[in-house]
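# Architecture and fold: a report
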Amino acid sequence: MVRWDPGLYGAFADERARPFLDLTSRLDGLSPARVVDLGCGTGELTATLADRWPEAEVTGIDSSAEMLAAAEAVASGRPNLRFRQQAIQEWEPTADVDLVVSNAALQWVPGHRELLRSWLPRLHPAATVAVQIPGNEDSPSQVLLRQLAAEPRWAAALEGVDGVIARVGGMRDYLDVFLESGHRVEGWETTYQHVLTGDDAVLQWMRGTRLRPYAAALGASADAFIDELRPRLRAAYPAEHGATVFGFRRLFVVGGPVPA
Ligand SMILES: C[S@@+](CC[C@H](N)C(=O)[O-])C[C@H]1O[C@@H](n2cnc3c(N)ncnc32)[C@H](O)[C@@H]1O
C-alpha cells in the first residue's frame, strides 16, 4: 500500500489543479444530482464541484487515510460534500450517479480500463464520466527513474514496483471503452510546461507522487536511491533563470452527453 503525504503532494497545488480545472471546464451545461470524485486526494478540487453544484450530493472517494484526513477540513461547512475511504476497485456505480470525475488517480489502478468499461452500463443512462490520466511514461523523469531502478544495486529491492502504476494506454484505448458501449466521447491531450521554482523541483514533484512506491519499497535506503536520481534529473531538467521547466503530458476523456 502506497502511503501518501498531503504536504508533499500539495507542494505544487496550482500546477496539479490546472488539469482538473481544464477537465471540468468541459462540464458546462450539466446539472448533476449525484457526483463522485474517484481518487479525490485531499479534497480541495472535489470541493470545487460541491460549490459549483450546490444542489448536488458530491462524494469524494480515496483509499488513503492520510489524504482523507486532510479532506475533513474541506468538507466542513459544505453540507453537500462528503468523503469516504474506499478503493476505486471496490466502488460500486449506481444508477443514481450522473457524474463521475477522476483526476490523476486511475493510473494507480491496474486494469482501470476494464473497470471503466464495467461501470458504464451501471451508471445513470445520461451519466457523464470525466477522466484525466497522466501520459508521461516516456518523459525523461519516468525513463530515468525506471533506468535507475533497473540497475543491479536497486533491481532486487524494486522488482515489480513499477507495476504499481498501471501502464497508461493510448488515447484510442480510452475512447474505445466508451465507443464500444455506444457512448458519446471526446478526448484531448495536453502537455503542460510547468515552470517550477525551488531546488530540484522535478525531484520534489516526483517525491509527492511517482516516487512514493519506490520509497516505500526501499525503506531506509530510499534516501540513497534519491541521491542517485537527483543529479540525473538535474541534468535532464536544468534550472535556468531561476526556473525548471517540467513537461507533463496528460490525457483527457469525457464520455456521455458532452456539451456541443
Ligand atoms: C495524484 S493523487 C490525485 C488526487 C486528486 N484527484 C487531485 O487531482 O489532486 C492520486 C490519488 O489517488 C488515490 N488512489 C490511488 N490509488 C487508489 C485506489 N486504488 N483507490 C482509491 N484511491 C486511490 C491516492 O490515495 C491519491 O489521493
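Computed from a prediction, not measured in an experiment: that's the story for all the values here. (Residues numbered from 1 in each chain as written. Predicted model: local features only at pLDDT ≥ 70, side-chain atom pairs only at ≥ 80, totals over all residues. Heavy atoms only, no water.)

## Side note on the overall build of the chain
Under the convention used in this document: The helix and strand labels rest on DSSP assignments: H or I over at least four residues marks a helix, E over at least two residues marks a strand, and numbering proceeds from the N terminus. The reference for a compact globule is 2.2 Å times residues^0.38; the radius of gyration itself is calculated from the C-alpha atoms. Each residue gets one of three labels from its accessible area relative to the maximum for its type: buried under 20%, exposed over 50%, partly exposed in between, using a 1.4 Å probe on protein chains only. Residue contacts are defined here by distance: any two heavy atoms, one from each residue, within 4.5 Å place the two residues in contact. A 1.4 Å probe and the Shrake-Rupley method give the accessible areas. Residues count as covered only by the protein chains that appear here. Only four residue types enter the tally: Lys and Arg on the positive side, Asp and Glu on the negative side; His and the chain ends are excluded. Charge placement uses NZ in Lys and CZ in Arg. For Asp and Glu, CG and CD serve respectively.
Broken down by element type, the chain carries 11 helices and 7 strands. At 19 Å, the chain has a C-alpha radius of gyration in line with the 18 Å of a compact globule built from 260 residues. Dimensions of the chain, computed from C-alpha atoms along their principal axes, come out at roughly 50 × 40 × 35 Å. When the 260 residues of the chain are sorted by exposure, 50% land in the buried category. Residue pairs at least 24 apart in sequence account for 79% of intrachain contacts in the chain once pairs closer than 6 positions are excluded. Carbon together with sulfur atoms contributes 51% to the accessible area of the chain, which is approximately 11,900 Å² in total. Separation of charge centres in the chain, based on 25 positive and 34 negative side chains, amounts to 2 Å.

## Regarding the site of the ligand
For the record, the criterion: Consider each residue's heavy atoms; a residue with any of them within 4 Å of a molecule or strand counts as near. Whenever a nitrogen or oxygen atom comes within 3.5 Å of another N or O atom, the pair is scored as a polar contact, on the condition that within protein one atom can donate a hydrogen and the other can accept it, and that pairs from neighbouring residues in sequence are kept only if both atoms are in side chains. Only Asp, Glu, Lys and Arg are considered charged in this grouping, and only Ala, Val, Leu, Ile, Met, Phe, Trp, Tyr, Cys and Pro are considered nonpolar; every other residue, Gly among them, is considered polar.
Within the structure, the ligand sits among 19 residues, and Gly-39, Asp-62, Ile-88, Gln-89 and Asn-103 are positioned closest to it. Between the ligand and Ile-88 there is a distance of 2.8 Å, counted from a nitrogen atom to a backbone nitrogen or oxygen. Within the contact set of the ligand, an oxygen atom lies 2.6 Å away from a side-chain nitrogen or oxygen of Asn-103. When the ligand sits alone it has 600 Å² of accessible area, and the protein chains cover 94% of it. Partitioned by chemical class, the residues of the shell around the ligand number 11 nonpolar, 7 polar and 1 charged.

## Quick look at the sheet that holds strand β2 (residues 57-62)
In plain terms, the rule: For two strands to be treated as a pair, DSSP must find at least two bridges joining them. Fitting a line to C-alpha atoms yields each axis, with helices limited to the stretch in contact; the angle taken between N-to-C directions then spans 0 to 180 degrees.
Read across the open sheet, the 7 strands follow the order β3-β2-β1-β4-β5-β7-β6; overall the sheet is mixed. Unpaired on one side and paired on the other, β3 (81-85) and β6 (185-196) mark the two borders of the sheet. The average angle at which neighbouring strand axes cross in this sheet is 20 degrees, direction not considered. Note: strand β5 (residues 128-134) against strand β7 (residues 244-255), 6 bridges, orientation antiparallel. Along β7, the bridge assignment pairs Pro-134 with Arg-250. Helix α2 (residues 13-24) rests against β1 (34-38), β4 (99-103), β5, β6 and β7 of the sheet, and its axis sits at about 155 degrees to β6.

## Considering the environment of Arg-117
Within the secondary structure, Arg-117 sits in helix α5 (residues 112-119). Residue classification places Arg-117 among the partly exposed residues on the basis of a relative accessible area of 29%. Considering only alpha carbons, one finds Arg-117 and Thr-191, 74 residues apart in sequence, at a separation of 26 Å. Sequence-distant contacts of Arg-117, that is, excluding residues within four places in its chain, are made with Val-177 and Glu-180.

## Quick look at the nonpolar core
Just so we agree on the cut-off: By nonpolar core we mean a set of buried residues, namely Ala, Val, Leu, Ile, Met, Phe, Trp, Tyr and Cys, connected to one another through side-chain atoms within 4.5 Å.
Core analysis: the largest hydrophobic core is formed by 27 residues, its most contacted members being Leu-38, Ile-88, Trp-91, Trp-119, Leu-123 and Val-129. Contributing elements (two or more residues each) for this core: β1, α5, β5, α8 (171-180) and β7. If you tally residues by element for this core, the top one is α8, at 5 residues. Of all hydrophobic cores here, the second largest spans 25 residues; its members include Leu-144, Trp-154, Leu-196 and Leu-229.

## Focus: the pattern of salt bridges
How we decide: Any Lys or Arg side-chain nitrogen found within 4 Å of a carboxyl oxygen on Asp or Glu counts as a salt bridge.
Under the definition given, this model contains 19 salt bridges. A salt bridge links Glu-66 to Arg-3; its shortest N-O distance comes to 3.1 Å. Pair noted here: Glu-66 is in helix α4 (residues 65-75) and Arg-3 is in the segment before α1 (6-9), with a separation of 63 residues, a long-range link. Look at Arg-3 and you get exposed, because its relative accessible area is 57%. With a closest N to O distance of 2.6 Å, Glu-186 and Arg-26 form a salt bridge. In this pair, Glu-186 is assigned in strand β6 and Arg-26 in the loop between α2 and β1, connecting sequence segments 160 residues apart. Among the ionic contacts, a cluster of salt bridges with common partners joins Arg-34, Glu-57, Arg-82 and Asp-96.

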